[in-house]
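Breakdown of the fold
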Amino acid sequence: MAAVVVVGAQWGDEGKGKIVDLISGRAEMVVRYGGGANAGHTLKVGGTKVVTHLLPSGVMHPGVRCVLGAGVVVALEVLADEIETFERMGLGVRARLLVSRRAHVTFPFQSAIDRAANAGPRAIGTTGRGIGPTYSDKAARTGVRIGDLVDPAVARDRVGALVDVWADRARAAGVEAPTVDGALAWAAPWMEKVTPLLGDASVAVDRAISEGRRVVFEGAQGTLLDLDHGTYPFVTSSNTIAGGACTGTGIGPTRITGVVGITKAYCTRVGNGLFPTELHGTAGDLLREAGEEYGATTGRPRRCGWLDLPALRYAGRVNGLTSLVVTKLDVLAGLAVVPLCVGYRVDGAETHEFPIDDLERAEPVYDNMPGWDASVSDARTMDALPLTARRYIEAVEARTGIEVSMVSVGAERDATIVRSEVLR
């Protein structure tokens, strides 16, 4: 039995899609357990680049069962469009996709109000896709689950309760107030496509594990965006850490056999919020352009900075990481010096912990590592890397206490150094 959770160990955008796609070649089921269409997982195979927002990254492997758990919030039109896209590619998605009846629906009026509210000096910097409002409604017990839309009477009752909540908010935000008939009319054509895919994700996933299937749980966003354990309030609306795989799918924690954390060889962040190792000016621009650091969902430029090892140790603790995958090592080629954040100075005292509650007063402490001039894009073993690049990876392992199981040196699936299998 192998049930492995793949999580982002930073602020998202770490390359989870590529890694899930890579290890899904050995998987029999891939489960998305949280987030919504705010996620953008970029896959590049054979020169073809595709982005998934809701479908699990295992969709590129025709024999893999794909599941959306109850913890996901679903924009029906996005899901239907993605299904059609991959059907046209000949991947037969409908025959192998299961969507939890308990997953909540994101309606267009929730997205419109989200965009209207996402402005001003106190803005979180969200994608404006209605994810926060959908989770808020879920917590308030006024949300609409996909399964609610199957029965017309139940659908009218549940959508009516949601519209009652949002009518005044919409008018206050300068957005057209929703109506029950309008919301139901919007949902109807999408539900024709989605209803045959609905089922009990908890039963399906638990059965697969019991039968000894290899299961991969795919996280969205990253550890430092977790609602409870991230850099609050500049976080997402769900639990992005490994524990979210259990609550978002409906399985017990003893079913998980490993947790793989994905980290870039440097750091990026989209939206607002503190970012202690951020680079400003020309240095940050150069890293952004070299790494093509623009959001897969919004196209927004990502803020870039040096790798934060105390933050990685923090991610290791709250997720229970059993290994790390380092992506985009190739982007750092050509730098004479690569600074590594190894600690912080807070009010004159030095700490090697991530001072998540004191970031406003925290000053990063760096260890300047020697860089490497040679490209690493063709390396497929650690020995093929320049010595200084190997030393960089060794420093990450030594200072986090977590094994680096893979190193990505390019966007393509095969541009990866595999040191140990994470899905046995």
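Residues numbered from 1 in each chain as written. Predicted model: local features only at pLDDT ≥ 70, side-chain atom pairs only at ≥ 80, totals over all residues. Heavy atoms only, no water.

Quick look at the overall build of the protein chain
Counting its secondary structure elements, the protein chain contains eleven helices and 19 strands. For a compact globule of 424 residues, the expected C-alpha radius of gyration is about 22 Å, and the protein chain comes in at 21 Å, within 12% of that figure. With respect to the principal axes defined by its C-alpha atoms, the protein chain has extents near 65 × 50 × 40 Å. By sequence separation, contacts in the protein chain at least 24 residues apart represent 75% of the contacts at least 6 residues apart. Looking at the protein chain as shown, the accessible area adds up to about 16800 Å², and 50% of this sits on carbon and sulfur atoms. Taking the 45 positively charged and 49 negatively charged side chains of the protein chain as two groups, their mean positions are separated by 3 Å. (Helix = DSSP H or I, 4+ residues; strand = E, 2+ residues; numbered from the N terminus. Rg over C-alpha atoms; globule rule 2.2 N^0.38 Å. Contact = heavy atoms within 4.5 Å. Areas by Shrake-Rupley, 256 points an atom, 1.4 Å probe, with all protein chains shown as cover. Lys, Arg positive; Asp, Glu negative; His and termini not counted. Charge placed at Lys NZ, Arg CZ, Asp CG, Glu CD.)

A few points about the side chain of Thr142
Relative to the elements of secondary structure, Thr142 occurs in the loop between α4 (131-139) and α5 (152-172). Taking the relative accessible area as the measure of exposure, Thr142 reaches 18% and is therefore buried. Not counting chain neighbours up to four residues away, the residues in contact with Thr142 comprise Asp137, Arg158, Leu162 and Val165. (Buried < 20%, exposed > 50% of the residue type's maximum accessible area, 1.4 Å probe, protein only.)

Digging into the sheet that holds strand β15 (residues 337-346)
An order of β16-β15-β17 is seen for the three strands of this open sheet, with the pairing classed as antiparallel. Edge positions in the sheet fall to β16 (349-351) and β17 (362-370), since each has one partner strand and no second. The sheet shows a mean angle of 45° between the axes of neighbouring strands, taken without regard to direction. Two elements, β15 and β17, share nine bridges in a ladder whose sense is antiparallel. Along β17, the bridge assignment pairs Cys341 with Tyr366. Helix α11 (residues 387-400) rests against β15 and β17 of the sheet, and its axis sits at about 140° to β17. (Pairing = 2+ DSSP bridges. Axes fitted to C-alpha atoms, helices over the stretch in contact; angles between N-to-C directions.)

Notes on the environment of Ala315
Take Ala315: it is sitting in helix α10 (residues 309-319). Along the backbone, Ala315 and Gly261 are 54 residues apart, and their C-alpha atoms lie at a distance of 7.9 Å. In contact with Ala315, not counting residues within four places along its chain, are Ala9, Thr223, Gly320 and Leu321.

Quick look at α4
Of all the residues in α4, the buried ones are Ile131, Gly132, Pro133, Thr134, Tyr135 and Asp137. Two residues or fewer after α4 comes Arg141, characterised by a positive phi angle close to 65°.

Digging into the sheet that holds strand β11 (residues 258-264)
If you walk across this open sheet you meet the ten strands as β9-β7-β5-β2-β10-β1-β11-β14-β18-β19, and the pairing is mixed. Strand pairing shows two members of the sheet lacking a second neighbour, β9 (198-199) and β19 (416-418), which therefore form its edges. As defined by bridge partners, strand β7 (residues 97-100) adjoins β9 across two bridges and the pair is classed as parallel. If you follow Ser100 over to β9, its bridge partner there is Gly199.

Comments concerning the packing of helix α2 (residues 76-88) against helix α6 (residues 180-194)
Two elements in contact, α2 and α6, have axes separated by 9 Å at closest approach and are oriented at 40°. With respect to each other, α2 and α6 are oriented oblique. At the point where α2 passes α6, the crossing takes the left-handed sense. Facing Leu76, Glu77, Leu79, Ala80 and Glu84 of α2, the residues of α6 in contact are Trp186, Ala187, Trp190, Met191, Lys193 and Val194. (Parallel < 35°, antiparallel > 145°, perpendicular 65-115°, else oblique. Left-handed = near helix turned anticlockwise from the far one by under 90°.)

Notes on the state of the cysteines
Following the criterion strictly, the structure yields zero disulfides and no others. Here Cys66 is not cross-linked by a disulfide; its sulfur's nearest cysteine counterpart is in Cys246, at 20 Å. Here Cys304 stays unpaired: no disulfide links it, and the sulfur of Cys267, its closest cysteine neighbor, is 9.8 Å away. (Disulfide = S-S within 2.5 Å.)

Notes on the nonpolar core
The biggest cluster of nonpolar side chains holds 59 residues, and the ones touching the most others in it are Val5, Phe217, Leu329 and Tyr392. Those residues in contact with Val5, other than ones at most four positions away along the chain, are Tyr33, Phe217, Ala242, Ala245, Ile256, Gly258, Val259 and Val260. Counting residues in hydrophobic clusters, the runner-up holds 46 residues, among them Ala75, Phe86, Val99 and Val144. (Core = buried A, V, L, I, M, F, W, Y, C linked by side-chain atoms within 4.5 Å.)

With respect to empty space enclosed by the protein
According to the stated counting rule, one finds two cavities of 30 Å³ or more in the structure shown. Its boundaries defined by the atoms lining it, the largest cavity holds a volume of some 40 Å³. Ala80, Ile83, Glu84, Arg94, Lys193 and Leu197 are the residues that line the largest cavity. Here the lining of the largest cavity takes three residues from α2, the largest share from any one element. Among the residues making up the lining of the largest cavity, the classes are represented as three nonpolar, no polar and three charged. One number sums up the size of the second largest cavity: a volume of about 30 Å³. Counted by class, the lining of the second largest cavity contains two nonpolar, seven polar and no charged residues. (1 Å grid on protein atoms, 1.4 Å probe; cavity = no way out; pocket = protein on both sides within 12 Å on 5 of 7 lines; lining within 4 Å. Points joined across faces, edges and corners; volume = space filled by probe spheres on them. Nonpolar A, V, L, I, M, F, W, Y, C, P; charged D, E, K, R; others polar.)

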